[in-house]
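Examination of the molecular architecture
So the chains spell out like this:
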Amino acid sequence: MNISIKLKGTDLVFNLEDKTVCVDYHEWEMEPVLNVRLREAEQNNCVILQGRICDKQEVLYYCARKIMSAYDGKGMHYMDILLYTNVSNTVMAGYSNRSLGHLNGNKEAEIHQVLNGKILELIIWEGKRYIQVFAKGEYVEIPANAFHCTYILEKNTIVANIYSHIPWEFDYDQKPYFSLVNDVNVCMDKEPVLCDSIGNKINVFEEVDAYNSMDYLPIRKIPKELYYYQTFFPLDCDIFELFFSINH
């Protein structure tokens, strides 16, 4: 089975059997990231998992890393593409699939666009928690010094992201995963419900300004002056157009 995505100037084809992505006839293999990473983090008290943890090895997502790079006179920018084939039951029975979660550096800029499916993004910045659902075509930018984690709400969700000024460069063993104890999980019952260790239960599809908790704000409340990428691209461009504009 293939998933084809046609953007304004870029064609993408994801081969779900071979786990490859073809971008305008250039093909990359997508490496699996396994749920054992979260199981180990839970054992080391670096993440809080509230449900019955899956014993079976499962793939959280497939990733094609640094498929493109660009230099803007100040630093390097890179693009990754992530494919989440499963929507739930990869980490805990009855809970959403998810990313590992990591902390951006003090100069790091990062922006995601959902190319297929739907996500809930969690951002923790200066001690405050921000959440919001993002659907196909929508952007979410993560400020410097912010922790973030992605929760999957639809099968075969695809996310492309651009990032720059990364302190760990090519050493993924140094990437700051689990640098903050993340206690947020999403229960996939009749409706996706965010749960945490302090007792919050939030229907993530509620109106973004009506979350029934004082502990979470919508991501759009993050001050816009913290953003890097959104300051210089038109709202109707796709993430590849944004990337190609970096060299100009």
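What this report covers is the structure whose coordinates are included nearby. By convention here, each chain's residues receive numbers from 1 onward along its written sequence. Local features are withheld for residues below a pLDDT of 70 in this predicted model, meaning they are given only at 70 or higher, and side-chain atom pairs are given and counted only at 80 or more; totals for whole chains, interfaces and linings count all residues. The side-chain numbers reported here are obtained from all heavy atoms of the structure, hydrogens and water having been left aside.

As for the pairing of strand β13 (residues 147–152)
Judged by how many residues are buried, β13 sits mostly within the fold: 6 of 6 residues are covered. Direction of pairing for strand β8 (residues 102–103) relative to β13: antiparallel, over a ladder of 2 bridges. Across the sheet, residue leucine 103 finds its bridge partner in β13, namely phenylalanine 147. Of the pairings in the sheet, the one linking strand β10 (residues 118–125) to β13 comprises 6 bridges and is antiparallel in character. Following the sheet pairing, isoleucine 119 is matched in β13 by isoleucine 152. Buried residues are those whose accessible area, probed at 1.4 Å on protein chains only, stays under 20% of the maximum for their type, while exposed residues exceed 50% and partly exposed ones sit between those limits. Secondary structure elements follow DSSP: runs of H or I of four or more residues count as helices, runs of E of two or more count as strands, with numbering from the N terminus. At least two bridges found by DSSP between two strands is the condition for calling them paired.

A short note on the nonpolar core
Only buried Ala, Val, Leu, Ile, Met, Phe, Trp, Tyr and Cys residues count toward a nonpolar core, and they belong to the same one when joined by side-chain atoms within 4.5 Å. By size, the foremost hydrophobic cluster in this structure holds 32 residues, and its most contacted members are Leu12, Phe14, Ile81, Leu115, Ile162 and Phe240. Counting only elements with at least two residues in this core, the list comes to β1 (2–6), β2 (11–15), β3 (20–23), β6 (59–71), β7 (76–84), β9 (109–116), β14 (157–164) and α2 (239–245). Considering every element that reaches this core, the biggest residue donor is β6, with 6 residues. When checking whether two residues touch, look at their non-hydrogen atoms; a contact exists if any pair is within 4.5 Å. Dropping the residues within four chain positions of it, phenylalanine 240 is found in contact with Leu7, Thr10, Leu12, Val23, Met68, Met79, Ile81 and Leu115. Grouped together as the second largest cluster of nonpolar side chains are 30 residues, Val33, Val114, Ala146 and Ile152 included.

Structural notes on the packing of aromatic side chains
Aromatic rings from Phe, Tyr and Trp, taking only the six-membered ring of Trp, are treated as a pair when their centres fall within 6.5 Å; an angle between ring planes under 30 degrees marks them as stacked, one over 60 as edge-to-face, and anything in between as tilted. Counted under the stated rule, the structure contains 4 aromatic pairs. Ring geometry for tyrosine 78 and tyrosine 163: centres 5.9 Å apart, planes at 40°, overall tilted. Taken as a pair, tyrosine 78 in strand β7 and tyrosine 163 in strand β14 lie far apart in primary sequence, 85 residues in all. Relative accessible area serves as the criterion here: at 4%, tyrosine 78 is assigned to the buried category. The buried category is assigned to tyrosine 163, whose relative accessible area is 3%. Consider the rings of tyrosine 228 and tyrosine 229, whose centres lie 4.9 Å apart with planes at 80°: the pair is edge-to-face. On the basis of relative accessibility, which here comes to 0%, the residue tyrosine 229 falls in the buried class. A cation sits over an aromatic face here: arginine 37 above tyrosine 177, 5.1 Å from the ring centre. Over the ring of tyrosine 78 we find lysine 66; its NZ or CZ atom is 4.3 Å from the centre of that ring. Only lysine NZ and arginine CZ atoms are considered, and such an atom sits over a ring when it is within 6 Å of the ring centre and within 35 degrees of the ring normal.

Focus: the sheet that holds strand β17 (residues 201–203)
With antiparallel pairing, 3 strands are arranged side by side in an open sheet as β15-β16-β17. Of all strands in the sheet, those bounded by a partner on one side alone are β15 (185–188) and β17. Neighbour-to-neighbour, the strand axes of this sheet turn through a mean angle of 30°, independent of strand direction. Where strand β16 (residues 192–195) and β17 come together, 3 bridges link them in antiparallel fashion. Counted as the bridge partner of valine 193 is asparagine 203 from β17. Under this scheme, a helix contributes an axis fitted over its contacting stretch, all axes are lines through C-alpha atoms, and angles between N-to-C directions fall in the 0 to 180 degree range.

Considerations on unusual backbone geometry
The residue glutamate 126 is not glycine, and still its phi comes out positive at about 50°. Looking at the secondary structure, you find glutamate 126 in the loop between β10 and β11 (128–135). Look at glutamate 126 and you get exposed, because its relative accessible area is 64%. Here phenylalanine 178, not a glycine, exhibits a phi torsion of approximately 60°, which is positive. Within the secondary structure, phenylalanine 178 is located in the loop between β14 and β15. On the basis of relative accessibility, which here comes to 17%, the residue phenylalanine 178 falls in the buried class.

Focus: the state of the cysteines
Any covalent bond linking the sulfur atoms of two cysteines counts as a disulfide. The definition used for a disulfide is geometric: two cysteine sulfur atoms within 2.5 Å. One pass over the structure, following the stated rule, counts 0 disulfides. With no disulfide of its own, cysteine 46 has cysteine 149 as its nearest cysteine by sulfur position, at a separation of 14 Å.

Considering the sheet that holds β10
With mixed pairing, the 5 strands of this open sheet are ordered in space as β8-β13-β10-β11-β18. If you trace the sheet from one side to the other, it starts and ends with β8 and β18 (216–218), each paired once. One ladder, built from 3 bridges, connects β11 with β18; its direction is parallel. Paired with tyrosine 130 across the bridge in β18 is leucine 217.

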